[in-house]
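# Architecture and fold: a report
Listed below, chain by chain, are the residues.
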Amino acid sequence: MPIFDNPFDPDSHLGHGCSCGRHRSQAAHDQASASPHPQGEEALTDRLVETAVVQAFFPTDVSRRRFLSTVGAGTALAAISTLFPLGAAKALAKEIKGPLEKKQLKIGFVPITCATPIIMAGPMGFYAKQGLEVSLIKTAGWAVVRDKIINHEYDASHMLSPMPLAMSMGLGSKPLAVDVAAIENINGQAITMHIKHKDRRDPRQWKGMRFGIPFDYSIHNLLLRYYLAEHGVDPDKDVELRILPPPDMVANLRAGNIDGFLGPEPFNQRAVYEGMAYIHTLSRDIWDGHPCCAFGVSESFARENPHTFAALFRSIVAATEYAHKPQNRPAIIDAIAPANYLNQPKPVLQQVMTGRFADGLGNVRNVPDRVDFAPFPAQSMAVWILTQLKRWGYIKGDVNYRQIAEQVFLATDARKRMAEMGYTAPASNYSKYVIMGKSFDPANPVAYVNSFKIRRT
Amino acid sequence: MHNTQALRAALLSLGLFVLLIGFWHLATLPKAAEDAGVSAEYAALMGSANQSDSGLPSPGMIWETIVQQLSDPFYDAGPNDKGIGIQLAYSLGRVLLGFALAALVAIPLGFVIGMSPVVSRALDPYVQLLRPISPLAWMPLALYIIKDSSTSAIFVIFICSLWPMLINTVYGVASVKRDWLNVARTLEVSPLRKALQVVLPAAAPTILTGMRISMGIAWLVIVAAEMLIGGTGIGYFVWNEWNNLSLSNVIFAILMIGIVGMVLDAGFGWLGRLVAYRE
């Protein structure tokens, strides 16, 4: 079986016949040389992958032998690993749970309901089921999350879905390749306005107002800009957008420093609960099914710890799918409400998670998919985010939309693993969306950007 | 005479306290329910029934929080939820570590600068340039270089504690009485003995004043630093309760910060009196 010969051994032969050419068959050669062969199924699979990769790098056996005898097997392995993620390929090929490279993990989260699957996976045992011991660390804000991922203090973290794209491109920080393993939640945001504006429901009347957003590279910023611009309000010229952590949004709204915000839950509902705001529109009414938060890991972590990464992925996807089912939501609320996690009053979380809520205008509304959870990181979502980053001038110059989207949003990987777990993912990595009545085709991002009347390009 | 003055001062303090609490109580009385025309379910979903007008908790609510928090100050319910005692211990640990490191650097360096006019002039521009920088301005740089948020917080404490101790040590050492130094020179004592037995005792009160100022600043800074980095500590506690918009817990934490700061300051005041030398 020459295919299981060590391809990093310059004396082995990856083609036909025996490896050294002096024996009639490989079996005869093996008997003569008794060279060590990989033992067990896992080692055999590793060898299979290595062989395939090495063969791809060196089409002829002569070039492979010359290369290996010049630099040595160790250097060759290192060199090839930098060009091709051997570890990840091996883990992918196995489809089985290998030994975890790292069991104790630090995962960061910002205390908002978007983090629900990441948080509940702790107290509800989703990490433990995969053999992981996870410390969930509450983090003060998005810039801190970004810095702690860059510093490798966190192994993985809850992120806003545009953040990994921005970080990978080096927007607003030094570049670090970050992967989106899964999307956490879809929908689940809202535009919340101060109660004094309850008679000004038309966004055209909002010129001159101030709005809170949580971060530049957030879906909140992009959705609010989109919503305002669709109503003819230029988000850079007609209104002021201020970056505020969500609790500060509520306090600033009370103080009258801002007139409204597009923020994450539970702070929209919290502002209503405090009796000083109303929910103007749910983000699902802007784009039904939009991504909000993501589960991100640095690419180097995923590459160096392929089994741990796979186990982490399974925990997060299982938790996300669990959170999707309405009948599980009451138990989830109990798990995430304590001070250790979200630290929020339960009645507020109940309104967010069940979708039966007071809107601050005297109505009880019933929107069961107000917040939903779906893990598949479609690359078309990334393309849409990039078009908006381009539209508002966060990205200068030409953008290779597809390339960045495919590098950061691991859709193919996610589909494969979801299938293994028995979940169905969308058939394609790219979908078309209709956002406020305007259709978006991920195949034509440039035309899409240029189709907007209000833009900074 | 002295006794009646103390009594009057105490009565005035108490009166001010009662007045303050009274105003606070009146300002935070719950507003009348205005639920005309809304359904019972809507009213239940709105939490505003027990809210006051200004959103500030009443003194009674603060008292409940204090009793509840102090009844179990050392509970540990996971990495993000620990009792106030544990949080204060983390903050104090960071402050004391950063402060001790600063003292290790500042006091010997201050001695050298104070005893040598040449070194003093050479280092003066650096001290003058670095001293006025806000400690928190170092935070991003520290995070970037040290790559660990907890160590960065300790570094920030170190850098902010350094200057008052350094400047006071320099001043204390430089202003030791010429007569004493001359006596030491006449007796031909070794430089080390001169430093430890003549200069140190003479400069000790000034050095301790510097340490007292440093400790005050360090305690101010740690709260801000922990609000930024999160994790543990009293600053994180404030941030976490702010995230819950729980003002009564925030006010409770502010009280605790004040009390601990007062105790630290009093401790250094006591140490300062201990080393003071009366001629």
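Residues numbered from 1 in each chain as written. Chains lettered and ligands numbered in written order. Predicted model: local features only at pLDDT ≥ 70, side-chain atom pairs only at ≥ 80, totals over all residues. Heavy atoms only, no water.

Interface extent is often summarised as the accessible area lost during association of the parts. With 40 residues of chain A in contact, the opposing surface of chain B contributes 33 residues. Contact between chain A and chain B buries roughly 3,000 Å² in total, counting both sides, with carbon and sulfur atoms accounting for 49%. One can count 0 salt bridges joining chain A with chain B. Taken together, the links from chain A to chain B amount to 13 residue pairs in polar contact (both at pLDDT 80 or more). If you list the elements that add at least two residues to the side of chain A that touches chain B, you get strand E2 (133-138), helix H8 (142-150), helix H11 (246-255), helix H12 (267-273) and strand E12 (356-358) of chain A. If one sorts the elements of the side of chain A that touches chain B by residue count, H11 of chain A sits on top with 5 residues. (Contact = heavy atoms within 4.5 Å. Buried area = accessible area lost by both parts, 1.4 Å probe. Salt bridge = Lys/Arg side-chain N within 4 Å of Asp/Glu carboxyl O. Polar contact = N/O pair within 3.5 Å; in protein donor to acceptor, adjacent residues only side chain to side chain. Helix = DSSP H or I, 4+ residues; strand = E, 2+ residues; numbered from the N terminus.)

Glancing now at the sheet that holds E2 of chain A. Residues and elements named next belong to chain A. Taken together, the 5 strands give an open sheet; going across it, the order is E2-E1-E3-E11-E4, and neighbouring strands pair in mixed fashion. The open sheet has two edge strands with one neighbour each: E2 and strand E4 (178-183). Strand-to-strand, the axes of this sheet are offset by a mean angle of 30°, without reference to chain direction. Relative to E2, strand E1 (residues 104-109) runs parallel, the two sharing 6 bridges. Each residue of the ladder has a partner; that of Ile107, found in E2, is Leu136. Sitting on the sheet, H8 is in contact with strand E3 (156-160), E4 and strand E11 (293-298), with an inclination near 140° to E3. (Pairing = 2+ DSSP bridges. Axes fitted to C-alpha atoms, helices over the stretch in contact; angles between N-to-C directions.)

To continue, consider the domain arrangement of chain A. Residue and element names in this part refer to chain A. You can read the domains of chain A as domain 1 (26-97), domain 2 (104-187 + 291-431) and domain 3 (190-285). Computed over C-alpha atoms, the centres of domain 2 and domain 3 are 23 Å apart. With 40 residues of domain 2 at the contact, the number on the domain 3 side is 34 residues. A combined buried area of about 3,200 Å² lies between domain 2 and domain 3, and 69% of that area is made up of carbon and sulfur atoms. Ranking the residues of domain 2 by area buried against domain 3 places Leu361, Trp392 and Tyr394 at the top, with a combined share of 20%. Close ionic contact of Glu265 with Arg370 constitutes a salt bridge, the shortest N to O distance being 2.6 Å. For the pair domain 2 and domain 3, the number of links is 11 residue pairs in polar contact (both at pLDDT 80 or more). (Domains from an automatic or database assignment.)

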